[in-house]
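Reading the structure
The primary structure of each chain is shown beneath.
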Amino acid sequence: MVLRETAADIGPTDIPSGKPRRWVEESDGWLLVGCILSGTMILGPIGPIVLGIAFWKLYKTVKAGTNVRPWAATIIGTFCLVDGLINFSPWTFDTFAHNTVLGETFITGYGRFFDGAFYLDYNSGALGGVANHSEKMWQYLAVFILMPMRVVSAWAFMQMRTWGLHFMKVSAWLYLFLWTGYTMAMSLDFPVRMANSEFGVAGWWMFNLFYLSPVFVLPYLYTVDKSRWSR
Amino acid sequence: MLHDALILAGMVAADALILAVWWFLGSRLVPAESSPPAAEATVTKTPLLHRVLTVICFILLVGLLVECMAMFPAILVRFGWS
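Residues numbered from 1 in each chain as written. Chains lettered and ligands numbered in written order. Predicted model: local features only at pLDDT ≥ 70, side-chain atom pairs only at ≥ 80, totals over all residues.

**Comments concerning the overall build of chain A**
- Along the backbone of chain A there are 8 helices and 0 strands.
- Secondary structure of chain A in N-to-C order comes out as α-α-α-α-α-α-α-α.
- Buried positions account for 48% of the 231 residues belonging to chain A.
- A separation of at least 24 residues holds for 65% of the contacts in chain A among residues at least 6 apart in sequence. (Helix = DSSP H or I, 4+ residues; strand = E, 2+ residues; numbered from the N terminus. Buried ≥ 20, exposed ≤ 12 C-beta atoms within 10 Å, placed from the backbone. Contact = placed C-beta atoms within 7 Å.)

**With respect to the interface of chain A and chain B**
- Listed per partner, the contact involves 54 residues of chain A and 46 residues of chain B.
- Breaking the side of chain A that touches chain B down by element, the ones donating at least two residues are α2 (47–64), α3 (71–96), α4 (101–113), α5 (133–158), α6 (162–188) and α8 (213–223) of chain A.
- It is α3 of chain A that provides the largest number of residues to the side of chain A that touches chain B, a total of 11 residues.
- Taken together, the residues of the side of chain A that touches chain B sort by class into 32 nonpolar, 17 polar and 5 charged. (Nonpolar A, V, L, I, M, F, W, Y, C, P; charged D, E, K, R; others polar.)

**Section: the confidence of the model for chain B**
- The predicted model of chain B has a mean per-residue pLDDT of 83, with 80% of residues at 70 or higher.
- Taken together, the chains of this predicted complex give a pTM of 0.87 and an interface ipTM of 0.85. (pLDDT = per-residue confidence, 0-100.)

**Side note on the packing of α3 of chain A against α5 of chain A**
Residue and element names in this part refer to chain A.
- Axis separation between α3 and α5 bottoms out at 8 Å; the angle between their running directions is 155°. Between α3 and α5, the angle is such that the two are roughly antiparallel. Considering how the two elements wind past one another, α3 and α5 form a crossing that is left-handed.
- Residues belonging to the contact of α3 with α5 are distributed by class as follows: 15 nonpolar, 7 polar and 2 charged. (Axes fitted to C-alpha atoms, helices over the stretch in contact; angles between N-to-C directions. Parallel < 35°, antiparallel > 145°, perpendicular 65-115°, else oblique. Left-handed = near helix turned anticlockwise from the far one by under 90°.)

**A few points about the environment of I86 of chain A**
- Within the fold, I86 of chain A resides in helix α3.
- Judged by C-beta crowding, with 25 C-beta atoms within 10 Å, I86 of chain A ranks as buried.
- Taking the C-alpha atoms as reference points, I86 of chain A and A72 of chain A, 14 residues apart in sequence, are found 21 Å from one another.
- Ignoring anything within four residues of it in the chain, the contact list for I86 of chain A reads G39 and M41 of chain A together with L64 and C68 of chain B.

**A look at helix α1 (residues 2–28) of chain B**
- With 27 residues, α1 of chain B ought to run about 39 Å at 1.5 Å a step, and its terminal C-alpha atoms sit 39 Å apart, in line with that.
- Three or more residues of α1 of chain B are buried, namely M11, D15, I18, W22 and G26 of chain B.
- Elements that come into contact with the buried residues of α1 of chain B comprise α3, α5 and α6 of chain A. (Expected span 1.5 Å × (residues − 1).)

**Considerations on the packing of α4 of chain A against helix α2 (residues 47–79) of chain B**
- Contact geometry of α4 of chain A with α2 of chain B gives a least axis separation of 9 Å together with a crossing angle of 80°. Taken as axis vectors, α4 of chain A and α2 of chain B run roughly perpendicular relative to one another. When α4 of chain A is examined against α2 of chain B, the residues T105, F106, G109, Y110 and R112 of chain A are found in contact with a partner set consisting of F72, I75 and F79 of chain B.
- Partitioning the contact of α4 of chain A with α2 of chain B into residue classes produces 5 nonpolar, 2 polar and 1 charged.

**A short note on the environment of P214 of chain A**
All names here are of chain A.
- Its place among the elements puts P214 in helix α8.
- Sequence-wise, P214 and L174 are 40 residues apart; in three dimensions their C-alpha atoms are separated by 9.0 Å.
- Apart from residues lying up to four places away in sequence, P214 is in contact with A172, Y175 and L176.

**With respect to the domain arrangement of chain B**
- Each domain of chain B was delimited in the assignment, giving domain 1 (1–30) and domain 2 (46–82).
- Spacing between the C-alpha centres of domain 1 of chain B and domain 2 of chain B amounts to 25 Å. (Domains from an automatic or database assignment.)

So, in structure tokens, the structure goes:
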């Protein structure tokens, strides 16, 4: 027999009323909306405010000892979700909406700041949007496979689902694969990409440093008590 | 304007569809081995490692959020609409 005494020992499926809970934590709705708004980048100035409210509400439950999800899983899951969305959303702008004023302003503006491939010969290729072939290849891999996989796995991970923990590991390894290939592609194309941007080498570091998420997330995923991911 | 709105609506629909397909696939690809019950679980005690990783991820998350907040306004201020 297993005695469960503290809030942390109570599984996410144990509901006193017997009615299935929609979220693991009460304020997860705020958390999801904050992540989505931040992840679009276009609505980025609003997103972190909503996310701040969600974190404040979650932190109060941690202080009160009534939280179900470990605080570390909340931070790491949110980081992966925002990271996945800010890769997914802008790349889908370039894939599907490169002819719109909003899409072209955003993507070419990013290109002028950080990566010349996103504004030189823009919309001149067969698929529209970015004309650089290696960038287009990584973009399709990211938009159709890796980033949506990352986004859904991060949310399922935060909802304490068994498959969420499993998919987080799979998508983290794939992310490491993409990061290595993408970094190589950008470095080899440096003269036509970063060299044609305002930030140059500094921009390369500014962006790529934050995308090292798998390096910090994988050790956590492999040492965590997986019995808690049981929904 | 209407032309752009239609394309953007299509993009949002495509995004939702892609995410829904992956959610569907992920939720059906549960690993063969089931999670052990809590009492029998092999708990690896790594509180220090978890604390360090949480702090690093929090710092990186703050960096990403600053990027999210600043990027589009900075583009509009510096380059204007295309």
